[in-house]
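# Structural description and commentary
One-letter residues, chain by chain:
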Amino acid sequence: MKDRLFDALKGHQADYIEVRLEESKSSRLVYRGERLEEAGRSAGTGGCVRALVRGGWGFVSFNSLDNLSEKVALAVEQARQVGKGESQFSPAVPMVDKVPAEFKKNPMDVPLPTKNNILDEYNRIMLGTKDIQTTSIGYADIKKKVTLATSEGAYIEQGRIDLNLRLSAIASKDGDVQQVGLSIGSKGDFAAVENLHEKVQDIARRAAALLSAPHAKGGAYTVVLDPVLAGVFVHEAFGHLSEADHIYENPQMRELMVLGRRFAGKHLNIVDGATVPGYRGSFKYDDEGTPAGKTYLIKEGVLTSRLHSRETAAKMGEQPTGNARAINYTHPPIVRMTNTYIEPGSTSFAEMISGIKEGVYAKDWYGGTTSLEMFTFSAGEAYMIRDGEIAEMVRPVVLTGNVFTTLDNIDAIGNDLDMNQGGGCGKAGQSPLPVSNGSPHIRIQNCLVGGK
Amino acid sequence: MDEILAAACKSAQSAEVFRVTSSRTPVQFEANRLKQIQTKDATTTALRLIKDGRVGFAQASGRINAAELVNMALDTSQFGFQSDFTFPYLQPNNAVKTYDPAVENVTIDDMVGLGSAIIDAVCHNTAGLLCEGSVSRGAATFEIASGEGGHASYKRTNFSISMDGMLVRDGDILYIGDVQSSCRPISDHKAISGEIIRQLELARENAAIRSGTFPVIFTPYGVAGALLSPLISAFNGKTVLDGASPLKDKKGSAAFDVKFSLSDDPTIAYQPGSSPFDDEGVAARRNTLVYRGKVVQFYYDLHTAALSGNSSTGNGVRGGGMPSPAIHALVIEGGDTSLTDMIKDIKEGIIIEQLMGAEQGNILNGDFSGNVLLGYKIENGSVTGRVKDTMVSGNVYQLLKEISAIGSDSRWIGGYVNTPSIYCPAVSVSAK
């Protein structure tokens, strides 16, 4: 294969060409209530070529690996139609490496009936809980081998095993419907989805309890976020804004996001990095062959760096950070997060909530999104805080804020960092990309909460 | 396909093969300039079979050996659900127009010219605007063959334009944009640039709003983004079967304002959501979901219909795996009030164009809550500017029970929803 790829890359007039091939195998199980709705397996082969000519890009994706050289020629031709200037693309040492898929308990070795039995157990627990009307469960695992060859001579084979499980318990009474979900992911360890019986029981009980919970009143509150939701917050509120492809060709954004700008107090440190082993956003090389890194986006409250591909780095005169990722061969790599987290501070949870007269304690996640300047994220579980104590449970809340002010409103950072593996990130039609995010508990002053 | 079907029918009682072959050429713009030209070819083959009364499923992208695909499907059938339906006998069906060869003849130069014309027009209106988007042409062939006999196929072309603009102004970021999609070529750049310029004009100034309950107009984009997901979920035959739909007992009764009528219609000529038959080979038809406020019916695929004693409504759609009920193209019936008249009627209120995060709430229950990404303030019957840092919350079922007016301004949003503006008398607004 290596010779075939380098043969196909030869003899074209381009500033840079890469070929990426992918083989995958996956399985999927879906339950709705008592019914197994889908048990499916799939297999795939495909690839893509991306070429850069005078600053313009061409991209060709395909399923048939025949006539690779023609596909390279088409990508180069398309790039030539676009390119009118000069290519800017950070130089890289062409790496040659083979990185096998990391795993502990390999989900590929677990027979489908065993996977099904585990889901069935969880489903029975939920369906056996009072007021639970129905459930939904989705499990999927995928094993991939991605081969990257570039016109610079890089040749990298990387394996990856990813799995995820999402469970929802849906409670219903007198026409009201409430749901609570649990989302688990792992890079190659099936044990992550085993022995969740207690957690599963807990989401079913909480869904039922929500039927009698009141709505929070909308308005600005002091809000305490648990590590899971604070992880979603850091991903939405700052991670996306740190992606250099939103910034590099936009003079005003470059001004807003100038390195050295103070965003928050000295206690805030935000990191993104794929080198931390074992998380869903971890890898050795990104999809442009750049070795993974660890990047401080915010250090002691000040913007210190951002996430780059080789193109955005070159255009901004900064270093590539190993954040060019493609969800699969049908897309070119774009700037993405990997594992994003707030570093722990020193405040205990008890200290954090003491002194809050009326506030909201928001836990767990439903989702989140951002417009760069503004973000929203929704809690899966929420309580009022009254006179420094956790008080009544309220219906899940949606929180929103403006990035340029909210980070500075974080006035306490906990000592209990925890990473959440259950999320997936969407951007430019590429979703869900495996990422992880995390944080300790954090407290935000004056955060807008939607409600009635 | 025949080889896979024959191999599957040897080891199983029945089988069905579904294949999609597609080719798409998007031309992409970034920072007001042409950035990338792509060509994307893909083939996916899916096999569904019934073995010992149980359903198995496997699919492959790219080349696959027939025996391997059959073995994968047989593996899953060991514990698949009991089959409660039979694959339909397939007949050729070209009742709905979805193919226009003119799409395949649009040149890359034409597409580049179209995108550039949109960018020139909107940047001429507002200096400093940075646009990104794409102009894309494509065609896909859908084929289905079943062990019950027969074979059916259709071809659908698609031409899409999407353009988003971003304007950074005094630390504020403004987003505007539009999407148009059709089975026929779109050649007039004004279809997009006109809409973007309208949004830019309305958002030219900033305006403030306080917390409270106000009249709100949801524009076609606002309706599509904030109000439809709960309904799509509630009318899904599967949600009804599970007892999780708030409308499960409402068939035949008035659950909405009498001005509100809703249907799913895959039979409209040259719409991107149209097709002569669904992904299970069942003939497409227009299904009325709500007529003058009354719940008429829910939508089903073969399996869900069989489980609940109904017939498929032609809504079996494959979203990456097995077919399940999904809508093709939602149409909310237009009214007779112009947007101008709605605005004139409001002393203090807002217009919602884009609500960010609306789909993160409890969709099943109809609750929504989102940040107004693009919205305008109305004071004494006219628009005064853009509102931001504002949240809007409500419940779709409560809002659609009492509607002040339905607009005469129906339009397609991205080719899959056709809706007018909807004017609601009282919506909760939270602002700092």
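Scoring rules and cut-offs
- Residues numbered from 1 in each chain as written.
- Chains lettered and ligands numbered in written order.
- Predicted model: local features only at pLDDT ≥ 70, side-chain atom pairs only at ≥ 80, totals over all residues.
- Helix = DSSP H or I, 4+ residues; strand = E, 2+ residues; numbered from the N terminus.
- Rg over C-alpha atoms; globule rule 2.2 N^0.38 Å.
- Buried ≥ 20, exposed ≤ 12 C-beta atoms within 10 Å, placed from the backbone.
- Domains from an automatic or database assignment.
- Contact = placed C-beta atoms within 7 Å.
- Nonpolar A, V, L, I, M, F, W, Y, C, P; charged D, E, K, R; others polar.
- Pairing = 2+ DSSP bridges.
- Axes fitted to C-alpha atoms, helices over the stretch in contact; angles between N-to-C directions.
- Parallel < 35°, antiparallel > 145°, perpendicular 65-115°, else oblique.
- Left-handed = near helix turned anticlockwise from the far one by under 90°.
- Arc of directions from axis to C-beta.

### A few points about the overall build of chain A
Helix and strand counts for chain A stand at nine helices and 24 strands. Whereas a compact globule of 452 residues would reach a radius of gyration of roughly 22 Å, chain A reaches 23 Å, a difference of no more than 12%. Along the longest, intermediate and shortest principal axes, the C-alpha atoms of chain A span 70 × 55 × 35 Å. The buried share of chain A, reckoned over its 452 residues, is 56%.

### Overview of the overall build of chain B
In terms of regular secondary structure, chain B is built from nine helices and 21 strands. The C-alpha radius of gyration of chain B comes to 24 Å, within 12% of the 22 Å expected for a compact globule of 432 residues. Viewed in the frame of its principal axes, chain B has a C-alpha envelope of about 70 × 55 × 35 Å. Taken across its 432 residues, chain B has 54% of its residues classed as buried.

### Observations concerning the domain arrangement of chain B
Residues and elements named next belong to chain B. You can read the domains of chain B as domain 1 (2-200) and domain 2 (205-432). The distance between the C-alpha centroids of domain 1 and domain 2 comes to 23 Å. If you look at the interface, domain 1 gives 30 residues, while domain 2 gives 27 residues. Listing elements by their share of the side of domain 1 that touches domain 2, those giving two or more residues are β2 (33-51), β4 (130-146), β5 (151-169) and β6 (172-182). For the side of domain 1 that touches domain 2, the leading source of residues is β6, giving six residues. Grouping the amino acids of the side of domain 1 that touches domain 2 by side-chain chemistry returns 16 nonpolar, eight polar and six charged.

### Things to note about unusual backbone geometry
All names here are of chain A. Cis geometry marks the peptide bond from serine 431 to proline 432; its omega dihedral reads -10°. When you line up the elements, proline 432 lands in strand β22 (residues 430-434). A positive phi angle, close to 55°, is found at asparagine 195, a residue other than glycine. With respect to the helices and strands, asparagine 195 occurs in the loop between β7 (176-186) and α4 (197-210). Accessibility expressed as a C-beta count within 10 Å gives 9 for asparagine 195, which makes it exposed. Notably, aspartate 387 is not glycine yet its phi reads approximately 50°, a positive angle. Note that aspartate 387 resides in the loop between β16 (374-386) and β17 (389-394).

### Here's the deal with the pairing of strand β6 (residues 155-173) of chain A
All names here are of chain A. In the sheet, strand β4 (residues 96-99) pairs with β6 via four bridges, with the strands oriented parallel. Paired with lysine 98 across the bridge in β6 is glutamate 157. Pairing of strand β5 (residues 132-150) with β6 involves 17 bridges; the strand directions are antiparallel. When the bridges of β6 are listed, threonine 147 appears paired with glutamate 157. Connecting the antiparallel pair β5 and β6 is a turn made up of four residues, with glycine 153 showing a positive phi of about 105°. Taken together, the 11 bridges between β6 and β7 define a ladder with antiparallel strand orientation. Within β7, the residue paired with lysine 173 across the bridge is aspartate 176. Linking two consecutive strands that pair antiparallel, namely β6 and β7, is a turn of two residues; a positive phi of about 50° is found at aspartate 174 within it.

### Describing the interface of chain B and chain A
Taken together, the 58 residues of chain B in the interface contact 66 residues of chain A. Put simply, the parts of the chain that give the side of chain B that touches chain A at least two residues each are β2, β3 (54-61), α2 (66-77), β6, β15 (367-379), β17 (390-395) and β21 (422-431) of chain B. Looking at side-chain class alone, the side of chain B that touches chain A contains 23 nonpolar, 25 polar and 10 charged residues.

### Structural notes on the sheet that holds strand β11 (residues 302-303) of chain A
All names here are of chain A. Pairing is mixed across the open sheet formed by six strands, whose spatial order is β11-β10-β9-β14-β23-β20. The open sheet has two edge strands with one neighbour each: β11 and β20 (418-420). Looking at chain direction, β20 and strand β23 (residues 436-439) are connected through three bridges and run antiparallel. From the neighbouring strand, methionine 419 faces β23, where its bridge partner is glycine 438. Contacts from helix α5 (residues 227-239) reach β9 (270-273), β10 (294-299), β14 (339-342), β20 and β23, with the element oriented near 110° to β23.

### A word on the domain arrangement of chain A
Quoted interface sizes are often the accessible area lost when the parts come together. Residue and element names in this part refer to chain A. Here chain A is described as being made up of domain 1 (2-210) and domain 2 (219-449). The interface is formed by 32 residues belonging to domain 1 together with 28 residues belonging to domain 2. Elements that contribute at least two residues to the side of domain 1 that touches domain 2 include exactly β1 (16-32), β2 (35-53), β3 (56-62), β5, β6, β7 and α4. The dominant element in the side of domain 1 that touches domain 2, judged by the number of residues it contributes, is β7, at six residues. Classifying every residue of the side of domain 1 that touches domain 2 gives 14 nonpolar, 12 polar and six charged.

### Re the packing of helix α1 (residues 2-11) of chain B against α2(B)
All names here are of chain B. At their nearest, the axes of α1 and α2 sit 9 Å apart, and the two run at 45° to each other. Our classification of the angle between α1 and α2 gives oblique. Relative to α2, α1 is oriented so that their crossing is right-handed. Contact residues: α1 offers Glu3, Ile4, Ala7, Ala8 and Ser11, while α2 offers Ala66, Ala67, Leu69, Val70, Ala73 and Leu74. Looking at the contact of α1 with α2 residue by residue, the classes come out as nine nonpolar, one polar and one charged.

### Some points on the environment of B:Val258
Residues and elements named next belong to chain B. With respect to the helices and strands, the residue valine 258 is situated in the loop between α6 (237-241) and β8 (262-264). Separated by 34 residues in the primary sequence, valine 258 and arginine 292 have C-alpha atoms spaced 4.4 Å apart. Apart from the residues lying within four places of it in its own chain, the contact partners of valine 258 are Arg292 and Gly293.

### Description of the packing of helix α3 (residues 108-125) of chain B against helix α4 (residues 190-202) of chain B
Residue and element names in this part refer to chain B. Two numbers describe how α3 lies on α4: the axes approach to 9 Å, and their chain directions differ by 20°. On the basis of their axis angle, the class for α3 and α4 is roughly parallel. With respect to the hand of their crossing, α3 and α4 are arranged in right-handed fashion. Mapping the contact onto sequence places Ile118, Ala121, Val122 and Asn125 in α3 and Ile192, Ser193, Ile196, Ile197 and Leu200 in α4.

### Considering helix α1 (residues 2-9) of chain A
Residue and element names in this part refer to chain A. What α1 keeps buried is the set Leu5, Ala8 and Leu9. Taken around the axis of α1, the buried residues stretch over an arc of 100°, which confines them to a single face. Exposed residues lying more than 90 degrees from the buried face of α1 are Asp3 and Asp7. Against the buried residues of α1 lie β1, α2 (68-82) and β5.

### Focus: the environment of B:Gly394
All names here are of chain B. Mapped onto the elements of the fold, glycine 394 is located in strand β17. Classification of glycine 394 as buried rests on a count of 25 C-beta atoms within 10 Å. Sequence-wise, glycine 394 and serine 428 are 34 residues apart; in three dimensions their C-alpha atoms are separated by 6.4 Å. What glycine 394 contacts, discounting residues up to four positions off in sequence, is Phe368, Leu399, Val427 and Ser428.

### Details of the pairing of strand β9 (residues 287-291) of chain B
Residues in a regular strand point their side chains to alternate faces of the sheet. All names here are of chain B. Across three bridges, the pairing between β8 and β9 is antiparallel. Considered in β9, the bridge of serine 263 is made with threonine 288. As judged from the two bridges shared by β9 and strand β10 (residues 294-295), these two strands associate in the antiparallel manner. Of the residues in β10, the one forming a bridge with valine 290 is valine 295. Connecting the antiparallel pair β9 and β10 is a turn made up of two residues, with arginine 292 showing a positive phi of about 45°.

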